[in-house]
Amino acid sequence: MGSGKHQKRGLPCICIFISAIDSDKLVRQAISLGAEYYMAKPIQGELLLERIHQMLKQETPTKEAAKPKAAERRENPFEELESEISILLSRMGISASIKGYHFIRKAVMMAVENQDVLVGITKGLYPDIAKQYKTTASKVERAIRHAIESVWKKNGPQIYFEIAGYLPTEKPTNGQFIAALSEYFRSKEKGKSKKFS
């Protein structure tokens, strides 16, 4: 409520939209109205704090510099994609408090940008993610596998069926899981670009 007053005074203001309603339409609407980030309930307190810290680091001290940066953030397709992946993982039951969550999100983002990364997942994707998170490729692989195993016992299969269009007889491999999610988001991106072209 007080965000408008702060913006008028030229003070940096961050809007994080939190809702129990989890829909792509609502995410897009929240971002178009000025939300910097969208989170679906239930949310982890640590993740919310992490997002606030990230946003504060991105803020600029001057009014003139802050305005284009905020607009840039809302229009940045990578940040919107990151938010949508976070929502989907949360729906599946993959908690943001486990390392596998961050590794899966990064892997899906990389695969959406370049699907060739899925060809050499062990020699390419895992080491690339490991470098960014200052860990080892084997720890990345293990954390992703653990996250998929934990979600497969919950409501993961149902959401997986929604996005992949089929339900595998057994838990998907890391590669299958990342490929299914990245293909889902890639097709969504194509749909968006067709609308605006």
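Described below are features of the structure shown in this document. (Residues numbered from 1 in each chain as written. Predicted model: local features only at pLDDT ≥ 70, side-chain atom pairs only at ≥ 80, totals over all residues. Heavy atoms only, no water.)

Quick word on the environment of S187
Assignment of secondary structure puts S187 in helix α10 (residues 174-196). Between the C-alpha atom of S187 and that of V112, which follows or precedes it by 75 residues, the distance is 9.3 Å. (Helix = DSSP H or I, 4+ residues; strand = E, 2+ residues; numbered from the N terminus.)

Thoughts on the nonpolar core
For soluble globular proteins, nonpolar side chains are generally found buried alongside one another. Counting 37 residues, the largest nonpolar core has M92, I94, I104 and L181 as the members making the most contacts within it. Looking at this core, the elements with two or more residues in it are α5 (77-92), α6 (99-113), α7 (121-132), α8 (137-152), α9 (156-164) and α10. Ranked by residues supplied to this core, first place goes to α6 with nine residues. In this structure, L181 is in contact with L88, L89, M92, I104, V108 and I163, ignoring residues within four places of it in sequence. (Core = buried A, V, L, I, M, F, W, Y, C linked by side-chain atoms within 4.5 Å. Buried < 20%, exposed > 50% of the residue type's maximum accessible area, 1.4 Å probe, protein only. Contact = heavy atoms within 4.5 Å.)

Quick look at unusual backbone geometry
Leaving glycine aside, a negative phi is the common case for residues, and trans is the common case for peptide bonds. Despite not being glycine, K134 shows a phi value in the positive range, around 55 degrees. Here K134 shows up in the loop between α7 and α8. Note on K134: relative accessible area 79%, which makes it exposed.

A word on α6
In this model α6 runs 22 Å from its N-terminal to its C-terminal C-alpha over 15 residues, within 8% of the 21 Å that 1.5 Å per residue would give. With twelve of 15 residues buried, α6 lies mostly within the body of the structure. Those residues of α6 lying buried are G100, Y101, H102, F103, I104, R105, A107, V108, M109, M110, A111 and V112. (Expected span 1.5 Å × (residues − 1).)

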